[in-house]
Amino acid sequence: MHPDEIPPGTLYMLILRTLARGGEMHGYEIAGSIKKISDDVLQVEEGSLYPALQRMLVKGWVVAEWGTTEGNRRARYYKLTAAGRKQLEAEVSQFERMVAAIARVIQTA
Amino acid sequence: MSGSGGLFSELARRLGMFLHREKFDGEMDEEMRLHREWKERELREAGVPPEEAHYRALRETGNALRLREESRDAWGWNWLEHIAQDSKLALRQLRKSPGFTIVAILTLALGIGANTAVFTLVHAVLLKPLPVKDPGQLYSLGDTSMCCDTTDFADIRNNFVLFSYPLYKQLRDNTPEFSDLAAFQTAPANLSVRRSGVSAPAEPFYGEIVSGNYFATLGLEAYAGRTLLAEDDQPTAAPAAVMSYRAWQLHYGADPGVIGATFTLNGLPATIVGVAPPGFYGDSLRSDPPDFWVPLALEPPLSPDNVLLNQTNHYWMYVIGRLKPGVPPARAQAHVLLEIRQWLTSLVGVSDFDRQIISTIVFTLPPAGSGVTRLRDNYGEGLRLLMIISALVLLIACANIANLLLARGTANRLQIAVRVALGAARGRLIRQMVTEGLVLALLGGIAGIAVAFAGSRAMLLLTFPSGSYVPIDASPSLQVLGFALVISLATGVIFSFAPAWIASNAHPAEPLRGAGRSTRDASALPQKLLVIAQAGLSLVLLVGAGLLIESLRNLEHQKFGFEPEGRLIVRVRPASAGYTLDRLPALYRQMDERLNQIPGVRSASLALTSPLAGWNFQTPVFIEGRVPSANPSEDMSFYDFVSSRFFESIGNRVVRGRALDEHDTPTAHHVAVVNETFARKFFPDQDPIGRHLGISDPSHGGDYEIVGVAEDAKFTNAKKPAVPMFFMPLLQIETYKDADDQAYQIWANYIDSIQLRVLGRPENYERAVQQTLADIDPNLTVRKMIKFDDLVNGSFNSSRLMAQLTTVYGILALVLAGIGLYGVAAYMVTRRTSEIGIRMALGAQRRSVVGMVLRSAMQPIVLGLMVGVPAALAGGYAMASQLFGVKAYDPLVLGGAVAALAAAAVLAAILPARRAASIDPMRTLRTE
């Protein structure tokens, strides 16, 4: 099955949620994690993931630090900040409100 | 917000990234590489063959370059990168056409430099605050454009600005709105200074009498020693003075021994208690700043002949106040006015009429942070004219560069069309062309700063007359550099935006289709308009220069009424050497005798003031048998006290009656000589000889018998018509009831100037004169020695410099207009080469081709003249007050300017026209 596009506006939320669960992760792990947990439904393109991570760095939602992988390779690890956690809560509640609203519209139809 | 949130921390993060942006790309690439490798490994592990896994990983990660760009985008520094790229491109473009670049930069350097130079002066003269603590809290009591003293407060009822010492004390002690009120003389006075225990003669300095709290009010600390204190300003205190830093450096070699040393000031021994801070030139920006500050308590011993200090009815000081923080100036103003009125009403002998005047008194409290007397009043007009001229030059420069850019833009049309056709965004093209303009403008601005620093020095000469001290720093300041930057950027946008817009608006298909041959041309009209504007502006400048030159020539060759050649003027003040009135007759007799005995001196004389000395005494005059005018200001005349050979010494002819001579001694019959203007004014159609005049009040109308009429001579101002004037023999003194008139008369009998008519070069007599004076009394201070013709010419320095500057700018404008016109004509010929070729193939004569090109080149010039002539006439009327003997409408000047412009235009068009005429029709047709 071909994986779906990430719905617009939800990429930050997905990354934030993934980092909230997994602690420090590098880009490949984040993409893999999203794909795995969504049962291969959601696939994050590299072309979206890395610019998004940079924008989140600017916003101060995540911080990055270079560390070493298990295979002893240098990799950039991303970690959630307090501001990022707050942003995640805001985005999740907004998303839930919207999903509930959409659901109501569909059901009444 | 902690660390990660907030605008400020976000800015800090962005800045951090910017500082490490070299690392950024490398780190991004490394991250991508790792990602790709992991992906490749994963694919291989899933059973994909190694080679395919490699390419699939590459493909799926996408364009690494774009990814890096987009990631970098997140940090918001791309605009800066684009500017850097555009600038680099612009520099490359400019290097490709060095001729254009050099002309453009030079043009801009002159335009921006002229404006920056003027701004340097405007900033220093008008905008810079005094170097004191919290200048914003300083307020002047009254608008201090008025000088110098009065005994009648009715004189200052419309602007109460002069204060007597008792009134000052009253205000100081009863206005809680001010933390301090300081009083000081309206202008520094002559001070003859000698360091005790040193054999050198006394030297002339300027001293200012100030209240003891003067330095405290301004918030100044001494550079060395201490400032004056309230305790120094007591009648019983030991005499103390503060020296200016400048005098300390220049005259005493920064000798620390000066502090605590005793100096003799006008014969009075006083201790120098300290040196004022560097950069403090007094309460006003002026060309004769005080060298010494002495307390008010020393006013009586320093000027024993005219003591003002404790006189209730002498208004002679300015007062400056430091407002307490938070006090509204309006409240302080109202309170001070109330105090002034109460104090005046409480004076002895106030009449009902006086009371009425007191109730109409107007008092203001203007800010005094930039100094109390404003140079703007004295020098504003010259600066304003300079500002207008330099702005005009910059406009012409802008028009010229815009024109060159237009021509270039049209030449690059094909290139631009190709880029537009390939999808370049219009905005991007405009941005790049404007960047090119800005780079050019900045380069011009840098060169302009160099021009400005040379120029502002020259202009200082214009603002301050020759020889005087200039308390202005013409070196680079942050504000001036900022101004140059802003004006450069504004210039760049102005001259590059229109050409960029026109060039980028070209429809891409058109030039491509016509292969650079299309006859329609969007930039032809703006180019012509620019040349019209340039021609008009150049004409205005040329006419202005012509009028100023004409005016200067008239000034220099006018009938002065005296002979400046072969004469020496020596300024000397016995008043500063401690002479009292009773010792003057012997001194004058001795000076007259000894100076006339110097070999080669044909005639020497003494006088209160000589022509164009810069100051004169004026009084209402009363004529026996003539009813005085109701308003005494209508009967004003200037006057002078002179010795017997005065008229001969300055070369002023006596046209009727006799000159003053050696028989007119102090004890002889009192006589006077009047000038022609005086005779015309007071004795229309009558013979003044034998009539009598006098001063102070009508009962003195018979004091002096008029024995002669002297030719009108320019005493007060060489640029204005002669004023009524009368001359009395030195020390023929009357007794007046009015104490002030009496004091003035005595003061006026202290000479200030010696005039010598000599054989040969006047400068050869300087030593002999100095020696003679020193022999008479070593305490006589020679303030200045100058050749009479130098003095006269010096009074035209500012007119001369103004004429020269305007001429330089006028020629510059003419050259720029010529270059602009050449550009347009040359471009037109290039564009119409094939058309001309066809015409010639069809039998057109070369001469008619030249005529055609000339005609179309002259068209914008003629239009420019039509705009420029009325503008130049208007400009002439606007500067009429600066002109001498020239009418605003001068057909010769106007005709000359038009001819110069026309000649420049023909010269600029003739080269392209000749090129057009030399077109080989066969070759042009072949290339079709």
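What this report covers is the structure whose coordinates are included nearby.

**Digging into the overall build of chain B**
Line of reasoning, step 1. Of the regular secondary structure elements, chain B holds 29 helices and 22 strands.
Line of reasoning, step 2. Pairs at least 24 apart in sequence give 82% of the contacts found in chain B among residues at least 6 apart.

**Some details on the pairing of strand S15 (residues 636-642) of chain B**
Residues and elements named next belong to chain B.
Line of reasoning, step 1. Here S15 lies mainly inside the structure; six of its seven residues are buried.
Line of reasoning, step 2. The pairing of strand S13 (residues 617-620) with S15 spans four bridges and is classified as antiparallel. Bridge assignment links Thr-619 to a residue of S15, and that residue is Ser-637.

**Quick word on the sheet that holds strand S2 (residues 62-68) of chain A**
Residues and elements named next belong to chain A.
Line of reasoning, step 1. If you trace the three strands from one edge of the open sheet to the other, you get S1-S3-S2, paired in antiparallel fashion. If you trace the sheet from one side to the other, it starts and ends with strand S1 (25-26) and S2, each paired once.
Line of reasoning, step 2. Strand direction decides the pairing type here: S1 and strand S3 (residues 74-80), joined by two bridges, are antiparallel. Counterpart to Met-25 in the pairing with S3 is Tyr-78.
Line of reasoning, step 3. Set on the sheet, helix H1 (residues 11-22) makes contact with S1, S2 and S3; between it and S3 the angle comes to about 95°.

**Re the nonpolar core**
General note: in soluble globular proteins, nonpolar side chains tend to be found buried as a group.
Residue and element names in this part refer to chain B.
Line of reasoning, step 1. The biggest cluster of nonpolar side chains holds 108 residues, and the ones touching the most others in it are Val-393, Ala-813, Leu-821, Ala-825 and Leu-901.
Line of reasoning, step 2. Of all the elements, helix H25 (residues 797-831) adds the most residues to this core, at 18 residues.
Line of reasoning, step 3. Taken domain by domain, the makeup of this core includes at least three residues from each of domain 1 (76-128 + 376-511) and domain 3 (523-559 + 789-928).
Line of reasoning, step 4. Setting aside residues no more than four positions away along its own chain, Leu-901 makes contact with Ala-535, Ser-538, Leu-539, Leu-542, Leu-814, Ile-861 and Leu-865.
Line of reasoning, step 5. Residues Tyr-223, Ala-270, Val-273 and Ala-276 belong to the second largest nonpolar core, which totals 64 residues.

**Description of the interface of chain B and chain A**
Line of reasoning, step 1. Counting residues at the interface gives 21 residues for chain B, matched by 18 residues for chain A.
Line of reasoning, step 2. Residue assignment for the side of chain B that touches chain A shows that the elements contributing at least two residues are helix H1 (7-19), helix H2 (21-45) and helix H4 (64-73) of chain B.
Line of reasoning, step 3. A per-element tally of the side of chain B that touches chain A places H2(B) first, with six residues.

**Observations concerning the pairing of strand S3 (residues 189-195) of chain B**
All names here are of chain B.
Line of reasoning, step 1. The pairing of S3 with strand S4 (residues 203-210) spans five bridges and is classified as antiparallel. Counterpart to Leu-191 in the pairing with S4 is Phe-205.
Line of reasoning, step 2. Both S3 and strand S7 (residues 262-265) contribute to a ladder of three bridges, which runs antiparallel. Each residue of the ladder has a partner; that of Arg-195, found in S7, is Phe-263.

**Side note on the packing of H2(B) against helix H3 (residues 50-61) of chain B**
Residue and element names in this part refer to chain B.
Line of reasoning, step 1. The N-to-C vectors of H2 and H3 enclose an angle of 135°; their axes lie 8 Å apart at closest approach. It follows from the interaxial angle that H2 and H3 lie oblique. Crossing angle aside, the handedness with which H2 passes H3 is right-handed. From H2, Met-32, His-35, Arg-36, Lys-39, Glu-40, Leu-43 and Arg-44 reach across to H3, where they touch Pro-50, Ala-53, His-54, Arg-56, Ala-57, Leu-58, Glu-60 and Thr-61.
Line of reasoning, step 2. Looking at the contact of H2 with H3 residue by residue, the class counts come to six nonpolar, three polar and six charged.

**A word on helix H2 (residues 27-37) of chain A**
Line of reasoning, step 1. Listing the buried residues of H2(A) in full gives A:Gly27, A:Tyr28, A:Ile30, A:Ala31 and A:Ile34. Looking down the long axis of H2(A), one finds its buried residues gathered within 165° of arc, a one-sided arrangement.
Line of reasoning, step 2. Elements that come into contact with the buried residues of H2(A) comprise H1, S1, helix H3 (46-59) and S3 of chain A together with H2 of chain B.
Line of reasoning, step 3. Looking one or two residues past H2(A), A:Asp39 carries a phi angle of roughly 55°, positive in sign.

Procedures and definitions
- Residues numbered from 1 in each chain as written.
- Chains lettered and ligands numbered in written order.
- Predicted model: local features only at pLDDT ≥ 70, side-chain atom pairs only at ≥ 80, totals over all residues.
- Helix = DSSP H or I, 4+ residues; strand = E, 2+ residues; numbered from the N terminus.
- Contact = placed C-beta atoms within 7 Å.
- Buried ≥ 20, exposed ≤ 12 C-beta atoms within 10 Å, placed from the backbone.
- Pairing = 2+ DSSP bridges.
- Axes fitted to C-alpha atoms, helices over the stretch in contact; angles between N-to-C directions.
- Core = buried A, V, L, I, M, F, W, Y, C linked by C-beta atoms within 7 Å.
- Domains from an automatic or database assignment.
- Parallel < 35°, antiparallel > 145°, perpendicular 65-115°, else oblique.
- Left-handed = near helix turned anticlockwise from the far one by under 90°.
- Nonpolar A, V, L, I, M, F, W, Y, C, P; charged D, E, K, R; others polar.
- Arc of directions from axis to C-beta.

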